[in-house]
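Fold and geometry: a report
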Amino acid sequence: MFKQKDWFFQGKSGTEYKFGIYAKTRPIPESGGIYILAYTHPRGHRSGFEVNMLYAGETENFRQRLVDPPQPECLWDGNWNCIYLLHVESAQEKRKILADLTAGNDLSCMQS
């Protein structure tokens, strides 16, 4: 399932962002940026995959942040099986992209 290396997420603005795909067992880089925790599943024979975003956040270090992910009970209930990472250095740019990606999306694990 995780042979595909990249996935595009579209923000409310229409901008597409190219994320790297990581299985939960794959080593996570120590760079920072935007991360999306999701349930990814096949849509059918040769139809590709469907991604259900459960949580989106920003961090300075993916590896440190994802050792203890936010909302763990909700993520497990949502069948979290995949991590999407977008390397972004600027804190201002991270906030802008995260706001664009989450605007209008009902991310079940973002609710506190």
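Residues numbered from 1 in each chain as written. Predicted model: local features only at pLDDT ≥ 70, side-chain atom pairs only at ≥ 80, totals over all residues. Heavy atoms only, no water.

This part covers the pairing of strand β1 (residues 6-10). Every second residue of β1 is oriented toward a common face, the buried set being Trp 7 and Phe 9 and the non-buried set Asp 6, Phe 8 and Gln 10. Sheet topology note: the β1/strand β2 (residues 16-23) ladder contains 5 bridges and is antiparallel. Bridge pairing in β2 links Asp 6 to Gly 20. Count of turn residues in the β1/β2 antiparallel hairpin: 5 residues, of which Gly 14 carries a positive phi of about 100 degrees. (Buried < 20%, exposed > 50% of the residue type's maximum accessible area, 1.4 Å probe, protein only. Helix = DSSP H or I, 4+ residues; strand = E, 2+ residues; numbered from the N terminus. Pairing = 2+ DSSP bridges.)

For Lys 24, the position within the fold is in the loop between β2 and β3 (33-42). Setting aside residues no more than four positions away along its own chain, Lys 24 makes contact with Trp 76, Trp 80, Asn 81, Cys 82 and Ile 83. Side-chain polar atoms of Lys 24 contact the backbone oxygen of Trp 80, separated by 3.2 Å. (Contact = heavy atoms within 4.5 Å. Polar contact = N/O pair within 3.5 Å; in protein donor to acceptor, adjacent residues only side chain to side chain.)

This part takes up the state of the cysteines. Note: disulfide means a covalent bond formed between the sulfur atoms of two cysteine side chains. Going through the model one piece at a time under the given rule, you end up with 1 disulfide. In this model, Cys 74 is linked to Cys 109 through a disulfide, with the two sulfur atoms separated by 2.2 Å. In this structure the cystine formed by Cys 74 and Cys 109 twists about its S-S bond by roughly -90 degrees; its chirality is therefore left-handed. With Cys 74 in helix α2 (residues 72-77) and Cys 109 in the segment after α3 (91-102), this residue pair connects regions lying 35 residues apart in the sequence. (Disulfide = S-S within 2.5 Å.)

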